[in-house]
Amino acid sequence: MIYDNTSTKSLCGYSIKAIEEINGVEHAEESDADDNPAKRQLIAVALIALGIIICFGAVGHSEFHDVWTVRHTVKCAVGLAVALASIPVSGDVPRKGGDENERD
């Protein structure tokens, strides 16, 4: 077997494709979709983080000042709502009316 070692992706004279063929691995041009998170998932993680920060900030403020007011309750509710809003944003929940495999 003769391999083209003039490839721009060469390692010690052998192309990456040749090394993968020698090792019995199929050459894949693009990585799987599971390797890189989608934008929706990154936005969902940011929403969870923001919700936790808002909620913990309200609890920390109330503990520091030794008082719990309606303002703290509202902040905790908003923080939990933002964190829970990340579930449908992530796209992991299937739609009731449409096909489960179909996504925007």
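Rules behind the numbers
- Residues numbered from 1 in each chain as written.
- Predicted model: local features only at pLDDT ≥ 70, side-chain atom pairs only at ≥ 80, totals over all residues.
- Heavy atoms only, no water.
- Helix = DSSP H or I, 4+ residues; strand = E, 2+ residues; numbered from the N terminus.
- Contact = heavy atoms within 4.5 Å.
- Areas by Shrake-Rupley, 256 points an atom, 1.4 Å probe, with all protein chains shown as cover.
- Buried < 20%, exposed > 50% of the residue type's maximum accessible area, 1.4 Å probe, protein only.
- Polar contact = N/O pair within 3.5 Å; in protein donor to acceptor, adjacent residues only side chain to side chain.
- Expected span 1.5 Å × (residues − 1).
- Arc of directions from axis to C-beta.
- Disulfide = S-S within 2.5 Å.
- Patch = residues over 30% accessible without salt bridge, like charges linked within 9 Å, V, L, I, M, F, W, Y side chains within 5 Å.
- Salt bridge = Lys/Arg side-chain N within 4 Å of Asp/Glu carboxyl O.
- Axes fitted to C-alpha atoms, helices over the stretch in contact; angles between N-to-C directions.
- Parallel < 35°, antiparallel > 145°, perpendicular 65-115°, else oblique.
- Left-handed = near helix turned anticlockwise from the far one by under 90°.

Before going further, it helps to examine the overall build of the protein chain. The helix and strand inventory of the protein chain stands at three helices and two strands. Helices and strands appear in the protein chain in the N-to-C order β-β-α-α-α. Looking at the protein chain alone, contacts between residues at least 24 apart form 44% of all its contacts between residues at least 6 apart. For the protein chain, the accessible area works out to roughly 8,600 Å², and carbon and sulfur atoms hold 60% of it.

A positive phi angle is found at Asp-66, which is not glycine, with a value near 55°. Residue placement: Asp-66 occurs in the loop between helix H2 (39–65) and helix H3 (70–90).

Here we come to the environment of Val-59. Mapped onto the secondary structure, Val-59 falls in helix H2. Counting along the chain gives 13 residues from Val-59 to His-72, while the straight-line C-alpha distance between them is 7.0 Å. Those residues in contact with Val-59 that sit more than four places away from it in its chain are Trp-68 and Cys-76.

Note that Ser-90 resides in helix H3. The exposure class of Ser-90 is buried, given its relative accessible area of 13%. A polar contact of 2.7 Å, which involves the side chain of Ser-90, links it to the backbone oxygen of Ile-87. The residues touching Ser-90, leaving out its near neighbours within four places in the chain, are Arg-40, Gln-41 and Ala-44.

Our focus in this paragraph is H3. Over its 21 residues, H3 runs 31 Å from end to end, which matches the ideal 30 Å to within 8%, given 1.5 Å per residue. Looking at H3, one finds that the buried residues are His-72, Cys-76, Gly-79, Val-82, Ala-83, Ser-86 and Ser-90. The arc enclosing the buried residues of H3, seen along the axis, measures out at 120°, which places them on a common side. Residues of H3 that are exposed and point over 90 degrees away from its buried face: Val-70, Leu-84 and Pro-88.

As a further point, take the state of the cysteines. Counting across every chain of the model gives zero disulfides. Considering cysteine sulfurs only, Cys-55 is the nearest to Cys-76, which forms no disulfide, with 3.7 Å between them.

The next point concerns a nonpolar patch on the surface. There is a patch of nonpolar side chains on the surface, built from Ile-48, Ile-52 and Phe-56 and spanning about 300 Å² of accessible area. For Phe-56, the position within the fold is in helix H2. A relative accessible area of 61% places Phe-56 in the exposed class.

To continue, consider the packing of H2 against H3. Contact pair H2 / H3: the axes reach a minimum separation of 8 Å and the direction vectors enclose 165°. Taken together, H2 and H3 sit at an angle that is classed as roughly antiparallel. The way H2 lies across H3 gives a crossing that is left-handed.

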